[in-house]
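Chain residues, written in single-letter form:
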Amino acid sequence: MTRDLSALPDDALLAAVGDMDAATDPVPAAALPPRVYYTDEQVTLWLGDAIRTLRTLPDESVDCIVTSPPYFGLRDYGVPGQYGLEVSPAEYVATMRAVFSEARRVLATDGTCWINLDDSYAYPPGSAGRQGNGQRKGRTFTAEGLPGTRALPPKNLMLIPERLAIAFQDDGWTVRNRIVWHAANSMPESVTDRLAHRYETVWMLTRGERYAFDLDSIRQPQASTGQRHEGRSCGSGEGWPSSWSAKTRALNPKGGNPGDVWTISAAKYPEAHFATFPIELPIRCIKAGCKPGGTVLDPFSGSGTTGAAARLLGRRYVGVDLKSAYHDLAVKRFAQGVLDFEAGAA
């Protein structure tokens, strides 16, 4: 049985998203009212639980959401109240529905929402030590210190991105695109009874049929730009003009549609112990899905990769996180400007 966390009062919400660990954090951020941790002329960083913080933001106050929520069961961030350690996929989906229900309210009616997610495999509690180093550290639910799940038989791919997309549709979102992020330099897996995992999912959601979207800003060079082709020879509909016909057409001089498979190398921020998505990923999302001068929201801000992309593109940024240490990393990155990102430290 799942719970609708969006309807819970604050005290019940705290109990739902995680127990407080007084021994390690006597006053967890999840237990405190959200507060502004850092602000300047372009950035506002909130410290607090994502749902509680989103509840404080005005309706339709951001133009674009780009985020990567904690994946189900793959990492313990050591923060009381964190998401991702729910006991079953259904509980995780209920938590994410609560978050993005508030996010939808905060998003402008013509805004876009981009959500990076990955999947994991089911193993029962206590089995982490028997799964092999590659799987356990990569895609297995029972990584060290995590509880495991009996919601599915062992070795099942749990289809977390698909479960969430269907739930989001039920909540009124329009699922506009499924983007495959192919991480060309992904970590190897030692698994021998299935194929190695090489991609993550990015959902592009909108509040309705009409929304701001600038395809020209992310077009890619075409080898045959300027050449003319007959009829359907362009294959993916990249002719100029865009209508299908048997007439001779020229390719769009601005470049081709990048399609829904993005090959972008994974990145690691040198001062963080975790892998972050590469800055090129939010850059593409923001260029295409956020108006110039608009505001970008990341309710799981982490070390600030989305914020760095927003700053680089001249957008305002609102970031939310439970862990002040991650905001400290983000502020340091912002102070360094774009030089470290151009060097690959995204």
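Structure first, text after, so check above.
These notes cover the structure that comes with them.

The rules behind the values
- Residues numbered from 1 in each chain as written.
- Predicted model: local features only at pLDDT ≥ 70, side-chain atom pairs only at ≥ 80, totals over all residues.
- Heavy atoms only, no water.
- Buried < 20%, exposed > 50% of the residue type's maximum accessible area, 1.4 Å probe, protein only.
- Helix = DSSP H or I, 4+ residues; strand = E, 2+ residues; numbered from the N terminus.
- Pairing = 2+ DSSP bridges.
- Right-handed = clockwise from strand over helix to strand, strands pointing away.
- Polar contact = N/O pair within 3.5 Å; in protein donor to acceptor, adjacent residues only side chain to side chain.
- Expected span 1.5 Å × (residues − 1).
- Arc of directions from axis to C-beta.
- Salt bridge = Lys/Arg side-chain N within 4 Å of Asp/Glu carboxyl O.
- Disulfide = S-S within 2.5 Å.
- Phe/Tyr/Trp six-rings, centres within 6.5 Å; stacked < 30°, edge-to-face > 60°.
- Lys NZ or Arg CZ within 6 Å of the ring centre and 35° of its normal.
- Contact = heavy atoms within 4.5 Å.
- Core = buried A, V, L, I, M, F, W, Y, C linked by side-chain atoms within 4.5 Å.

## What to know about the pairing of strand S4 (residues 107-117)
Then, in step 1: S4 sits mainly inside the fold: 9 of its 11 residues count as buried.
Then, in step 2: Strand direction decides the pairing type here: strand S3 (residues 62-67) and S4, joined by 5 bridges, are parallel. The residue of S4 that forms the bridge with Val66 is Trp114.
Then, in step 3: One crossover worth recording links S3 to the parallel S4 by way of helix H3 (residues 89-106), and it is right-handed.
Then, in step 4: As paired elements, S4 and strand S6 (residues 199-206) share 6 bridges and run antiparallel to each other. Within the sheet, the bridge partner assigned to Asn116 lies in S6 and is Val202.

## Points about the side chain of Ser120
Then, in step 1: Relative to the helices and strands, Ser120 is located in the loop between S4 and helix H4 (133-138).
Then, in step 2: Among the residues examined, Ser120 registers a relative accessible area of 1% and is labelled buried.
Then, in step 3: Within the structure, Ser120 has its side chain in polar contact with the backbone oxygen of Phe72 (distance 3.2 Å).

## Re helix H8 (residues 324-336)
Then, in step 1: Across its 13 residues, H8 extends 19 Å between first and last C-alpha, which sits within 8% of the 18 Å expected from 1.5 Å per residue.
Then, in step 2: Every buried residue of H8 is accounted for by Tyr326, His327, Leu329, Ala330, Arg333 and Phe334. The arc that holds the buried residues of H8, viewed along the axis, is 155°, so those residues lie on one side.
Then, in step 3: The first or second residue beyond H8 is Gly337, which carries a positive phi of 75°.

## Some points on the pattern of salt bridges
A side chain of one charge can pair with a side chain of the opposite charge if their charged atoms are brought near each other.
Then, in step 1: Applying the stated criterion across every chain yields a total of 10 salt bridges.
Then, in step 2: Ionic pairing is found between Asp193 and Lys155, a salt bridge with its closest N-O pair at 2.5 Å. Separated by 38 residues along the polypeptide, Asp193 in the loop between strand S5 (174-182) and S6 and Lys155 in the loop between H4 and helix H5 (160-170) bring together distant segments of the chain.
Then, in step 3: Exposure remark for Asp193: the relative accessible area of 48% places this residue in the partly exposed category.
Then, in step 4: One salt bridge connects Glu280 with Arg284, and the closest N-O pair in it is separated by 3.1 Å. On the criterion of helical spacing, the pair formed by Glu280 and Arg284 is a turn pair, its members being 4 residues apart in helix H6 (residues 280-289).
Then, in step 5: Overlapping salt bridges, with partners in common, bring together Asp59, Glu102 and Arg105 in one network.

## Some remarks on the state of the cysteines
Then, in step 1: Evaluation of the coordinates by the stated rule reveals 0 disulfides.
Then, in step 2: Of the cysteine sulfurs around Cys64, a residue in no disulfide, the closest is that of Cys290, at 5.0 Å.
Then, in step 3: Judged by its relative accessible area of 0%, Cys64 is buried.
Then, in step 4: Unpaired in terms of disulfides, Cys113 finds its nearest cysteine sulfur in Cys64, a separation of 7.9 Å.

## With respect to the packing of aromatic side chains
Then, in step 1: Within this structure, the stated rule accounts for 5 aromatic pairs.
Then, in step 2: Aromatic side chains Phe100 and Phe168 sit 5.3 Å apart centroid to centroid with 65° between the ring planes, which places their arrangement in the edge-to-face category. You can see Phe100 sitting in helix H3 and its partner Phe168 sitting in helix H5, a full 68 residues away along the chain. Phe168 shares its class with Phe100; the two are buried.
Then, in step 3: Ring geometry for Tyr317 against Phe334: centres 6.4 Å apart, planes inclined by 80°, an arrangement best described as edge-to-face. Taken together, the positions of Tyr317 in strand S14 (residues 316-321) and Phe334 in helix H8 put the pair 17 residues apart, joining distant regions of the chain. Residues Tyr317 and Phe334 agree in their burial class; the two are buried.
Then, in step 4: Against the face of Trp173 rests Arg104, its NZ or CZ located 5.8 Å from the ring centre.
Then, in step 5: Across the ring face of Trp262, the terminal group of Arg284 is positioned such that the distance to the ring centre comes to 5.0 Å.

## Section: the environment of Val175
Then, in step 1: Structurally, the position occupied by Val175 is in strand S5.
Then, in step 2: Judged by its relative accessible area of 24%, Val175 is partly exposed.
Then, in step 3: A C-alpha to C-alpha distance of 4.7 Å links Val175 and Leu205, two positions 30 residues apart in sequence.
Then, in step 4: Excluding its chain neighbours within four sequence positions, the residues that come into contact with Val175 are Ala165, Gln169, Trp203, Met204 and Leu205.

## Remarks on the nonpolar core
Then, in step 1: Counting residues in each nonpolar core, the largest one holds 35 residues, and the members touching the most others are Met96, Val99, Phe100, Cys113, Leu164 and Leu297.
Then, in step 2: For this core, the elements supplying multiple residues, two or more each, are helix H2 (50-56), S3, H3, S4, H5, S6 and S14.
Then, in step 3: At 8 residues, H3 tops the list of elements feeding residues into this core.
Then, in step 4: If near-sequence neighbours (up to four positions away) are discounted, Met96 is found in contact with Pro69, Tyr83, Leu164, Phe168 and Phe300.
Then, in step 5: Core analysis: the second largest hydrophobic core is formed by 28 residues, Trp181, Ile286, Ala288 and Ala309 among them.

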